[in-house]
Amino acid sequence: MNDLFHGLAFTPADLLLPRNCDLKRWSVVACDQYTAQPEYWQRVAEFVGTAPSTLALVLPESCLDGPNVGTDIVEVNNNMTRYLREDRFQPIQNAMIYVERRLRGGGVRRGLVGKLDLERYDYETGAQSLIRSTEGVVPARIPPRVAVRKNARLELSHVMVLVDDPEAWLFDPLTAAKDRMEKLYDFSLMEDGGHLTGWKLDEEALAQVASALRRLEDPKTFRSRYGQSQPMAYAVGDGNHSLATAKECYERQKRMVPPSQWAGLPARYAMVELTNLREESLKFEPIHRILFGVDPQQLLSELKKAFHGAYEGQGPGQVIHYIAAGQEGFLTVPRPQTHLLLAALQPFLDDYLIRHGGGMDYIHGEDVLRSLAAGTGCMGFLLPAIDKGSFFAGIARDGILPRKTFSMGQAHDKRFYLEARKIR
């Protein structure tokens, strides 16, 4: 089997699944969700009670800046050790898991759980690696996450990585083969998170996956689709900072051992779920911008000057949709310099706020933006949803997207923790 995946960046992993527990209580949503809604995590804690749960193995991001974060991290690490000592996990060696997540809205999102080689990943701006971030990683957000991971014996992952597979080389054969494969779990998620089913890939399915991945990683495939010479087969959709943290922890371990031992470090790899960018159920939600404490007329005037040839109204090119108190309109940029609108708009807004003062926030939902933009000294920008067909091309051309460019669905659609993997 190892020969099948030799040289590939995404490979089978030694996974751990929970046993002898209530999976609905075991599986909780990604730790970076509901950070401004502590009542959500309180409900989860009350529902879980004293039952075995990944809630005991992760630290919600709302706690990272808390006064007891050091104690919380020690407790998480102790819980990992205790669960291992209690034989809480069933090992599944050298495996991949095909996942179907039935979402709250009724759609089904298909995924594949395995591990990524962090040697093939770079989150820096301008990276030309096979695995790349999609959004800018904020350096200040890495150290507190490293503090959680650096001494952990296990990883649990909410990272979702995208492949661009319009022909469905990867997932259509798995869907057709699921009835012959071993079903590992099948249960409803808490908090109306949908339903999760997973199957262990058999030898035939693993061979098919390896073949599909070779086609997706082939530089010829990338050049034919996007006209770029440096292939990008994998783009991090959710969990950019978590994967960057895994990379940082691996780089620290590398400094402690000779290069001949790097391949054997468990920390060299990160468990992730792969999904197809073209999945119909995978929705890219735009994240809008609202500016506070600004002069809308002055901002609009400078915006027109900053984008060459920009004119009022809608026409061919990139269209900027703006809203302010008693004012709404469109500004068309006929000859855009970037593939995605926000790649040019975000730097302008950042620079404007530095020069003139004011603040900015990131808003989900048009209704919320319109309500906020009606305030005095406010101006909102309604951003279009990203075209999935041009997503990889945009990153290949323009590089990493600005922060808060898009969201892969709503909070309840994010990945739930279930599988674990030893990293020490």
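Thresholds, definitions, all that
- Residues numbered from 1 in each chain as written.
- Predicted model: local features only at pLDDT ≥ 70, side-chain atom pairs only at ≥ 80, totals over all residues.
- Heavy atoms only, no water.
- Phe/Tyr/Trp six-rings, centres within 6.5 Å; stacked < 30°, edge-to-face > 60°.
- Buried < 20%, exposed > 50% of the residue type's maximum accessible area, 1.4 Å probe, protein only.
- Lys NZ or Arg CZ within 6 Å of the ring centre and 35° of its normal.
- Salt bridge = Lys/Arg side-chain N within 4 Å of Asp/Glu carboxyl O.
- Helix = DSSP H or I, 4+ residues; strand = E, 2+ residues; numbered from the N terminus.
- Pairing = 2+ DSSP bridges.
- Axes fitted to C-alpha atoms, helices over the stretch in contact; angles between N-to-C directions.
- Parallel < 35°, antiparallel > 145°, perpendicular 65-115°, else oblique.
- Left-handed = near helix turned anticlockwise from the far one by under 90°.
- Contact = heavy atoms within 4.5 Å.
- Nonpolar A, V, L, I, M, F, W, Y, C, P; charged D, E, K, R; others polar.
- Polar contact = N/O pair within 3.5 Å; in protein donor to acceptor, adjacent residues only side chain to side chain.

In the annotation of an unreviewed UniProt entry, the entry for the protein chain reads DUF1015 domain-containing protein, and the organism field reads Candidatus Flavonifractor merdipullorum.

### Looking at the packing of aromatic side chains
For the structure shown, the criterion picks out 16 aromatic pairs. Taking 6.1 Å as the distance between ring centres and 45 degrees as the angle between the ring planes, the aromatic pair formed by Y121 and Y123 counts as tilted. Note on Y121: relative accessible area 2%, which makes it buried. The class of Y123 is buried, set by a relative accessible area of 17%. Ring plane angle 70 degrees and centroid distance 6.2 Å describe the contact between Y185 and F187, whose orientation is recorded as edge-to-face. By relative accessible area, Y185 is classed as buried at 4%. Through a chain of ring-to-ring contacts, the aromatic side chains of F222, Y226, F284, F391, F392 and F406 assemble into a single cluster. Taking NZ or CZ as reference, R88 lies 5.7 Å from the ring centre of Y83, over its face. The positively charged end of K115 is found above the aromatic ring belonging to Y269, 4.8 Å away from the centroid.

### So, the pattern of salt bridges
In total, this model carries 31 salt bridges according to the counting rule given. For the salt bridge of E100 with K178, the shortest nitrogen-to-oxygen distance reads 3.0 Å. Residue E100 is located in strand β4 (residues 97-102), and its partner K178 is located in the loop between α5 (171-177) and β10 (182-188); the two are separated by 78 residues in the primary sequence. The salt bridge partner of E155 is R149, with a shortest N-O separation of 2.9 Å. For E155, a relative accessible area of 3% puts it in the buried group. Each of the salt bridges in this network shares a partner with another, and the network as a whole consists of E119, K247, E251 and K254.

### Brief notes about the pairing of strand β9 (residues 160-163)
Here β9 shows two buried faces, one formed by M160 and L162 and the other by V161 and V163. Relative to strand β12 (residues 234-238), β9 is paired through 3 bridges, and the arrangement is antiparallel. Of the residues in β12, the one forming a bridge with M160 is D238. Where β9 meets strand β13 (residues 269-276), 4 bridges bridge the pair, whose relative direction is parallel. From the neighbouring strand, M160 faces β13, where its bridge partner is E273.

### Observations concerning the pairing of strand β15 (residues 288-292)
With respect to burial, β15 is a largely interior element, 4 of its 5 residues being buried. Here β15 pairs with strand β19 (residues 359-363) via 5 bridges, running antiparallel. Among the inter-strand pairings, R289 is bridged to a residue of β19, identified as Y362. In the sheet, β15 pairs with strand β20 (residues 379-382) via 3 bridges, with the strands oriented antiparallel. The partner of I290 across the bridge, within β20, is G380.

### Here we look at the packing of helix α4 (residues 142-149) against helix α8 (residues 240-254)
Running from N to C, α4 and α8 cross one another at 65 degrees; their axes reach a closest spacing of 9 Å. Taken as axis vectors, α4 and α8 run roughly perpendicular relative to one another. In this structure, the crossing between α4 and α8 has a hand that is right-handed. Taken together, the residues of α8 that come into contact with α4 (itself represented by I142, R145, V146 and R149) are H241, A244, T245, A246, E248, C249 and R252. Grouping the amino acids of the contact of α4 with α8 by side-chain chemistry returns 5 nonpolar, 2 polar and 4 charged.

### Description of the side chain of S27
Relative to the assigned elements, S27 resides in the loop between α1 (23-26) and α2 (38-48). By relative accessible area, S27 is classed as buried at 0%. At 2.5 Å, the side chain of S27 and the backbone oxygen of Y417 are in polar contact. Residues contacting S27, with those up to four places away along its chain left out, are T54, F187, L189, M190, F416, Y417 and L418.

### Some thoughts on the sheet that holds strand β18 (residues 327-333)
Think of a sheet as strands paired side by side through backbone hydrogen bonds, with each pair either parallel or antiparallel. Spatially, β16-β18-β17-β20-β15-β19 is the arrangement adopted by the 6 strands of the open sheet, whose pairing is antiparallel. Edge positions in the sheet fall to β16 (311-312) and β19, since each of these pairs with one other strand and no more. Lying over the sheet, helix α10 (residues 341-356) contacts β15, β17 (318-324), β19 and β20, oriented at roughly 150 degrees with respect to β19.

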